Amino acid sequence: MVTVNPRFAEKLKKFGAKTSTECFNCGTCTAVCPLVEEENLFPRKMIRYIQLGAEEKVKHSVEPWLCYYCGECQQYCPRQANPGELMMALRRYLTSVYDWTGLSRKLYTSKAWEVLSIIVLFFATLGVVALLHGPIVTTHTELETFAPRHIVDPAGWLFGGVLSIILLINIYRMYRLVMTSGEQVKIPWSLYVKEIFTLALHFFTQRRFLDCKSRRTNRWLKHWLLMTGYAVAFILVNALSKWFLTNEFLSVFHPARLLGYYATIAMLYVTTDAIIGRLRKVEPVHQYSHSTDWMFLILLWLTVFTGLLVHVFKYLDLPLPTYYTFALHLAFTVPLLGLEVPFTKWSHLAYRPFALYFMRLKESALQARARRPQTGVTASEIGG
Amino acid sequence: MGVYICTGCDIGESLDLEALSKVAASEYKVPVCKTHPFLCSAEGAGLIKQDIAGEGVNAIVIAACSPRVNTDVFDFPDVFVERVNLREQVVWCHPANDEDTQMLAEDSLRMGIVKAQQAELPVPFQAEDISKTILVVGGGLAGLTAAAETAKAGYRAVLVEKKETLGGWAAGLKNVVGLQPPYTELEDLNLADRVREVEENEKITVYKNAQIEKIAGAPGMFDVQIRQNDNLYSERVGAIVLAAGAVAYDATKLENLGFGKYTNVITGEQLEEMAGQGAIKRPSDGKPVESVAFILCAGSRDKEHLPYCSAICCTESLKQALYVKQQNPEASVYIFYKDMRATGNYEFLYQRVQKEGALFFRGDVLGVAEVADGQLVIAAEDVLVGEGIKTEPVDLVVLATGMVPVTAIGEKLVIKAEDDKGAQEEAPADEIIRSNILNLEYRQGPEVPPLKYGFADSHFICFPYETRRTGIYAAGSVRAPMDIPATIRDATGAALKAIQCVELTAAGSAVHPRVWDLSFPEFFMQRCTQCKRCTVECPFGAINEDEKFNPLPNPTRCRRCGTCMGSCPERIISFKNYSVPIIGSMLKAIEVPEEDEEKPRILVFACENDAYPALDMAGLNRLSISPWVRVIPVRCLGSMNLVWIADALSKGIDGILLLGCKHGDDYQCHFIKGSELANYRLSKISETLNRLALEADRVRMVQVSIMDYDKLPGIIEEFAGRLEEVGPNPYKGF
Ligand code: SF4
Ligand code: SF4
Ligand code: SF4
């Protein structure tokens, strides 16, 4: 029995769920959603949980991650309850629930925290650069001399390591919550391995996005561009930093430059497009923007843009501008990754495929149990 | 007499007109018999008018289209007009130039001629000392509106209210929901203005603190005795608007929801009163409420209590939720409902209440329990997530109880036919509830017979306002549960019906649904055996009884259905243009071929209101109908006298099909009980059939509505098939 809690909806408002009371539970949204399946009905049910204040139910639910915010429901809702945005808000809320540090909640619910965190990380990064940078060669652009790899690389690994640990812990917390909802079933180890394909598939393709019938734009393609652009940049910066962070001037056809261009253009195009979209508010997905959505887009755009500038200045052989923009580039990258990956928006890159993975695990286990012949007879059956 | 056959609309091409004319001219020796290619034209009608003036024709038979069309063209003053339906029911639904079609046309013409020979022109009934005053019973919103509208239309009204002040239930409302855009604001009903308008109106006499002692008489001449304090007043009125309203369902029966058990469980009415007086407080300690739960359908739509929906509890509760929010915007409001019936513009109100943060729960309330400090917890089944839920403790629980019409309250009576001799078998009789509102001096009981649940209404769709007592029109919540705008519309409509009634009565005409009809039943008293059939079976209580148990007809109460005529075993009740002998002669005019010709005959008695038009529609849609049928329209199946069946069968007709309206709870019979009574009479006919050594299968009754026109060919075919199995009527040729 759920005890009704009117304050829960109030609490969720900070996460962007402003319209939950408008919903009168007609179910139109569930009917039109291209992604619902018989076992996972949303968004109406989730909205009802918000209305009831069934916080525990919400915490354990996986449904918000199954929604890709095509906005179909939003266009059909007779009450302008914005079900798609409510699902988005639930994802924000769940992100904060999974996060054990508590920072996620702070970032989502307090603009002051958000801005302060960015500023602190921004200046801290600049400070670290000021302290640790190498010799400044002004006659000629020598980026690697300015940012010696033996310092940058370990710092990068350390930073990445910390973020990954936080995120992994969060994923484990998500796992605990999702797996303890509904029917309980024991999952054999072999299944975890068998279903790893689901995880990889969805991580790399986000193919469920294709089921969304968003007609006007190909959001899957854009999203995929962004994600591959990011992945390429990530690999360049981390694994192949000797190509990226070098004093050498590479030929235009060097793979590092080509890949770098791809990543830059892809990310710049998609973020610019999203910023314009959010300003014009035509697509349902862009109509309602939480402050963290802006934070993400602006930081990403600035990061990519300063990265581009570094490249341009370097190849124009302008030493000082190159070093300064590089410092700025780092100062944007650190809050972007530091705040987004484990605590806010970017964590979905892990939560979405894991949600599907966990769901598959549970479904397969349940199916297997249903197929298994009943062995063992209970005492009461014998007695009866 | 004159017979006019139209040859237009396919009739000329499909029939042998010479042979048809011969039926009139030779068989029946009709002096004037003419054909015309376009009878409904000015020229065609002119031809008839000429004959009326020149040849002295005063009964005419028009063999052309259905009697349901061109009524204005074939309307000749002081001349009896009988219409033979050659178009819709002969040539349009039977093959052209076919022997059987021709026989059908000729039989139809025979029946028409026989009827024109025997029928007389009705002479309208003239009531004496007619009053056109309208009595309005009840001074609530409906009564006030009805009286004011009556006066506006120029008629005098007499309003009787049992309380000391006018206004009724609506007077207890703090606010009403806005009836203007945006439909979300709370407004004042301005009832005081309405009361003043009535009290200051010269055309309206108001009796407050008064009760109706008795009402005798009939429309146009009701004598009303009103007791006010200790004085008796008399008023003569022409028609009555019954606007006595409803009361809230007795909440003490809702102990399962905590009423009477916990102090802080109250009814919607109590909350309204509290809000009207100022702050909404907890009855237990007078603290202003911080959380309120409304339970809708409290004792409504519930088999144990009121099975129906009272129409206003949802929106009244939404309104009251706004009272709570106005008092304290932070207050939590929980609304438990079965279905949110906030229809039409009330949707905006619902939306507003939602926006203001009230929480809605759809599903059954499982229970209300008191926790500490008089606070209450409600447990319910939330069907929207399929789970049990419970609230946090709330300060106040408000039960939205439904409405019970005052006509439903009182001792139940069944007035039976049984006299001292107790000899007669019973036709189903109606229940009357002695609610002490009208106190009619009617043989059939002192109040109007209610619909199910006790509402004073007669037909749920076709005839709103009409009760089953002619001249008494119900309006407002005594008729059906309704909200304020509907009540105002209802009262206006009922006032208009009452005015129509007094005017029609003064002209000697029937009221709805036979508004043009000037005929009325006449009783040949010498042969009456005082069996009381007619007094019991008249669906409208038109027939009283004198001290010697003789029926005492009241023509202005009569709706001219003919049910009494059908009921009378002595066949002494007849109308000038519709009687047992007239129909008997018509059916005897049908030519029944010999058995070896293998042309069976099926007589169809078709109710004029639905079945007959449905047959017309079948023709209009060119459906093909069995050629064996011969159709006689009847005013209502209730007017069917069993002797017709005996006559038809002894004449050799193979089967009789009765087409009437649906009866039972959701009846569609235009005279309420007619088709039910016909059905009842049929159940008694087996005896007659046995006497004639005939099979009961030869008589069948089918309920049809006008929309069943496409099923009619099948219904008839099926019956013909059954008759074929049974074999020809052995009485053929006798
Ligand atoms: S969010 Fe809109 S479409 Fe979905 S159930 Fe609520 S009102 Fe209906
Ligand atoms: S936004 Fe799209 S995916 Fe999400 S709930 Fe609505 S219809 Fe389904
Ligand atoms: S049964 Fe019909 S016709 Fe006869 S008195 Fe009553 S209302 Fe009139």
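In this text, all values refer to a predicted model and were calculated from it rather than measured experimentally.

Caption draft 1: Structural detail: the packing of helix 5 (residues 99-118) of chain B against helix 14 (residues 580-588) of chain B. All names here are of chain B. Running from N to C, helix 5 and helix 14 cross one another at 150°; their axes reach a closest spacing of 8 Å. Relative to helix 14, helix 5 is oriented roughly antiparallel. Two packed elements cross with a definite hand, and for helix 5 against helix 14 that hand is right-handed. Between helix 5, through Met111, Val114, Lys115 and Gln118, and helix 14, the contact on the second element is made entirely by Pro581, Ile582, Ser585 and Met586. Looking at the contact of helix 5 with helix 14 residue by residue, the class counts come to five nonpolar, two polar and one charged.

Caption draft 2: Structural view of the site of ligand 3. Surrounding ligand 3, one finds 13 residues, the nearest of these being Cys538, Cys558, Cys561, Gly562 and Cys564 of chain B. Among the residues making up the shell around ligand 3, the classes are represented as nine nonpolar, two polar and two charged.

Caption draft 3: Representation of the domain arrangement of chain B within the structure. Domains assigned within chain B are domain 1 (1-121), domain 2 (134-247 + 407-412 + 427-506) and domain 3 (250-401). For domain 1 of chain B and domain 3 of chain B, the distance between their C-alpha centroids amounts to 68 Å.

Caption draft 4: How the structure looks around the environment of glycine 357 of chain B. Within the element layout of this structure, glycine 357 of chain B appears in the loop between helix 10 (346-355) and strand 18 (359-362). Expressed as a C-alpha distance, the spacing of glycine 357 of chain B and proline 288 of chain B, which sit 69 residues apart in the sequence, is 19 Å.

Caption draft 5: Structural detail: the site of ligand 2. Every one of the 13 residues lining ligand 2 counts as a neighbour, but Cys33, Cys67, Cys70, Gly71 and Cys73 of chain A are closest to it. Taken together, the residues of the shell around ligand 2 sort by class into 10 nonpolar, two polar and one charged.

Caption draft 6: A look at the domain arrangement of chain A. All names here are of chain A. Partitioning chain A into structural domains gives domain 1 (6-98) and domain 2 (103-367). Computed over C-alpha atoms, the centres of domain 1 and domain 2 are 26 Å apart. With 31 residues of domain 1 at the contact, the number on the domain 2 side is 38 residues. Around 3300 Å² of area is buried between domain 1 and domain 2 when both sides are counted, 60% of it from carbon and sulfur atoms. It is His60, Tyr68 and Tyr98 in domain 1 that bury the most area against domain 2; as a group they hold 26% of the surface buried on that side. In this structure, aspartate 293 and arginine 92 form a salt bridge, with 3.0 Å as the shortest nitrogen-oxygen distance. In this structure, the connection of domain 1 to domain 2 is made through 10 residue pairs in polar contact (both at pLDDT 80 or more). At the level of elements, helix 4 (55-60), helix 5 (63-66), helix 6 (72-76) and helix 7 (83-98) are the ones that each hand at least two residues to the side of domain 1 that touches domain 2. No other element matches helix 7, which puts eight residues into the side of domain 1 that touches domain 2.

Caption draft 7: Main features of the interface of chain B and chain A. Listed by partner, the interface residues are 21 residues for chain B and 19 residues for chain A. A combined buried area of about 1900 Å² lies between chain B and chain A, and 51% of that area is made up of carbon and sulfur atoms. Taken together, the connections running from chain B to chain A amount to five salt bridges. The closest approach of N and O atoms between lysine 355 of chain B and glutamate 22 of chain A, which form a salt bridge, is 3.6 Å. On the surface where chain B and chain A come into contact, there are 14 residue pairs in polar contact (both at pLDDT 80 or more). Examining the composition of the side of chain B that touches chain A, we find that five residues originate from one element, helix 10 of chain B, more than from any other. Classifying every residue of the side of chain B that touches chain A gives 10 nonpolar, four polar and seven charged.

Caption draft 8: Structural detail: the sheet that holds strand 31 (residues 602-607) of chain B. Residues and elements named next belong to chain B. Read from one edge to the other, the open sheet built from four strands follows the order 32-31-33-34, with strand pairing classed as parallel. With partners counted over all chains shown, the strands left at the sheet margins are strand 32 (629-634) and strand 34 (699-703), one partner each. Across the sheet, the mean angle from the axis of one strand to that of its neighbour is 20°, orientation sign disregarded.

Caption draft 9: Highlighting the packing of aromatic side chains. According to the stated counting rule, one finds 35 aromatic pairs over all chains in the structure shown. With a centroid separation of 5.0 Å and an interplanar angle of 75°, the aromatic rings of tyrosine 98 of chain A and tyrosine 351 of chain A are classed as edge-to-face. Of this pair, tyrosine 98 of chain A sits in helix 7 while tyrosine 351 of chain A is found in helix 20 (residues 348-371), placing the two residues 253 residues apart along the sequence. Using a relative accessible area of 0% as the deciding quantity, one classes tyrosine 351 of chain A as buried. Taking 5.1 Å as the distance between ring centres and 40° as the angle between the ring planes, the aromatic pair formed by tyrosine 308 of chain B and tyrosine 453 of chain B counts as tilted. With tyrosine 308 of chain B in the loop between strand 16 (291-298) and helix 9 (313-327) and tyrosine 453 of chain B in the loop between strand 25 (431-434) and strand 26 (472-474), this pair connects stretches of sequence that are 145 residues apart. For tyrosine 308 of chain B, a relative accessible area of 8% translates into the label buried. A connected cluster of aromatic rings, assembled from ring pairs, spans Tyr172, Tyr175, Trp189, Tyr192, Phe354, Tyr357 and Phe358 of chain A.

Basis of the calculations
- Residues numbered from 1 in each chain as written.
- Chains lettered and ligands numbered in written order.
- Predicted model: local features only at pLDDT ≥ 70, side-chain atom pairs only at ≥ 80, totals over all residues.
- Heavy atoms only, no water.
- Axes fitted to C-alpha atoms, helices over the stretch in contact; angles between N-to-C directions.
- Helix = DSSP H or I, 4+ residues; strand = E, 2+ residues; numbered from the N terminus.
- Parallel < 35°, antiparallel > 145°, perpendicular 65-115°, else oblique.
- Left-handed = near helix turned anticlockwise from the far one by under 90°.
- Contact = heavy atoms within 4.5 Å.
- Nonpolar A, V, L, I, M, F, W, Y, C, P; charged D, E, K, R; others polar.
- Near = heavy atom within 4 Å.
- Domains from an automatic or database assignment.
- Buried area = accessible area lost by both parts, 1.4 Å probe.
- Salt bridge = Lys/Arg side-chain N within 4 Å of Asp/Glu carboxyl O.
- Polar contact = N/O pair within 3.5 Å; in protein donor to acceptor, adjacent residues only side chain to side chain.
- Pairing = 2+ DSSP bridges.
- Phe/Tyr/Trp six-rings, centres within 6.5 Å; stacked < 30°, edge-to-face > 60°.
- Buried < 20%, exposed > 50% of the residue type's maximum accessible area, 1.4 Å probe, protein only.

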